[in-house]
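As a plain string of letters, each chain reads:
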Amino acid sequence: MSGVGAGAGTGALEGGAPGAVAGAPSMVGTGGVVDAPGGAGGAPSGCLSPQGQVVTVAADTWIEAVKPTTGHGNDKTLSVVGGAQERRALLQLTLPAALPGAVLLKATLALQLQANRDAGLALRQLSVHRLEHTVDESRTTWNAWAQGNRAWTKPGGDFGPPLAQAAIPAGTSGGTLTFDVTAAARAALSAQPVPFALIILESGAPPPLPAELAFASREGDASAIPALILEYCEP
């Protein structure tokens, strides 16, 4: 399997953080990173001991175009594929309250790819977007974000432009996929915890079916739960 991803830096997560798998390839995404003031690469001068925080998803599910009223909140994997039989993964997180005086150096969304049904293992392109509504594991579907009259304005989810892009290199069947969502996390931080709902979809042309990508969900492998890894420099 190839271990080279698109974008700069490495996507490896240290210390057994959720989303990390020892010896697995790391697939690195890109995003509009805004440097923190005071130092190169986003690290303020004098930041000798950055602090880390891992935020795991509070809810996750996937939705599909061919079964628009079916939810998958209890599934052990999150399915993603583009095309006529499109499937999208949805994640609900909570950004913790901003630390007084601290600078957010980086925010990385990490998911564990557990299976790739594409026999040719072609290059895949994915993107992550912020959702306009929260994710409800038991009620969110392709048609609606909750029961009742809470339908998406556009089936498949209401979301903004890409926060980040990521590539799964050709020949890859598993590993850690990361998206750099630093800019979006910085913009969303406040003095209070903030809901942070995301949707992941295939942005490039998919290979011939079957081609589903299966990522670990919070109902599956406890060591590979989707997570947001935050790195701070405290005053």
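Conventions used here
- Residues numbered from 1 in each chain as written.
- Predicted model: local features only at pLDDT ≥ 70, side-chain atom pairs only at ≥ 80, totals over all residues.
- Heavy atoms only, no water.
- Helix = DSSP H or I, 4+ residues; strand = E, 2+ residues; numbered from the N terminus.
- Buried < 20%, exposed > 50% of the residue type's maximum accessible area, 1.4 Å probe, protein only.
- Contact = heavy atoms within 4.5 Å.
- Areas by Shrake-Rupley, 256 points an atom, 1.4 Å probe, with all protein chains shown as cover.
- Pairing = 2+ DSSP bridges.
- Core = buried A, V, L, I, M, F, W, Y, C linked by side-chain atoms within 4.5 Å.
- pLDDT = per-residue confidence, 0-100.

This paragraph deals with the overall build of the chain. In terms of regular secondary structure, the chain is built from one helix and twelve strands. Going from the N terminus to the C terminus, the chain shows its helices and strands as β-β-β-β-β-β-β-β-β-α-β-β-β. Looking at the chain residue by residue over its 235 residues, the buried ones come to 48%. Within the chain, contacts between residues at least 6 apart in sequence are counted, and of these 81% link residues at least 24 apart. A total of about 10300 Å² of accessible surface is found on the chain, and carbon and sulfur atoms cover 54% of it.

With that settled, the discussion passes to the pairing of strand 3 (residues 59-64). In terms of residue burial, strand 3 counts as a mostly covered element, since six of its six residues are buried. Along strand 3, one buried face is formed by Ala 59, Thr 61 and Ile 63 and the opposite face, lined by Asp 60, Trp 62 and Glu 64, is buried too. In this sheet, strand 5 (residues 87-95) lies alongside strand 3 in antiparallel orientation, the contact comprising six bridges. Its bridge partner being in strand 5, Thr 61 is matched across the sheet by Leu 90.

Here we come to the nonpolar core. Counting 34 residues, the largest nonpolar core has Leu 109, Leu 126, Phe 179, Ile 200, Phe 215 and Leu 228 as its most contacted members. Among the elements that line this core, the one with the most residues is strand 6 (residues 103-116), at five residues. Residues Leu 90, Val 135, Trp 145 and Ala 146 belong to the second largest nonpolar core, which totals ten residues.

Tracing the sequence through the fold places Leu 111 in strand 6. Sequence separation of Leu 111 and Ala 224 is 113 residues, and the distance between their C-alpha atoms is 7.2 Å. Among all residues touching Leu 111, those that are not within four sequence positions of it are Leu 91, Gly 175, Thr 176, Leu 177, Phe 179, Ile 200, Phe 215 and Pro 226.

Time to look at unusual backbone geometry. For the bond running from Leu 209 to Pro 210, omega is -5°, close enough to zero to count as cis. The phi angle at Leu 121 is positive, at roughly 50°, despite the residue not being glycine.

Now for the confidence of the model for the chain. Looking at the chain as a whole, the pLDDT averages 84, with 80% of positions reaching at least 70. Across residues 31-43, where pLDDT falls below 50, the model places 23 contacts with residues more than four positions away in sequence or in other chains.

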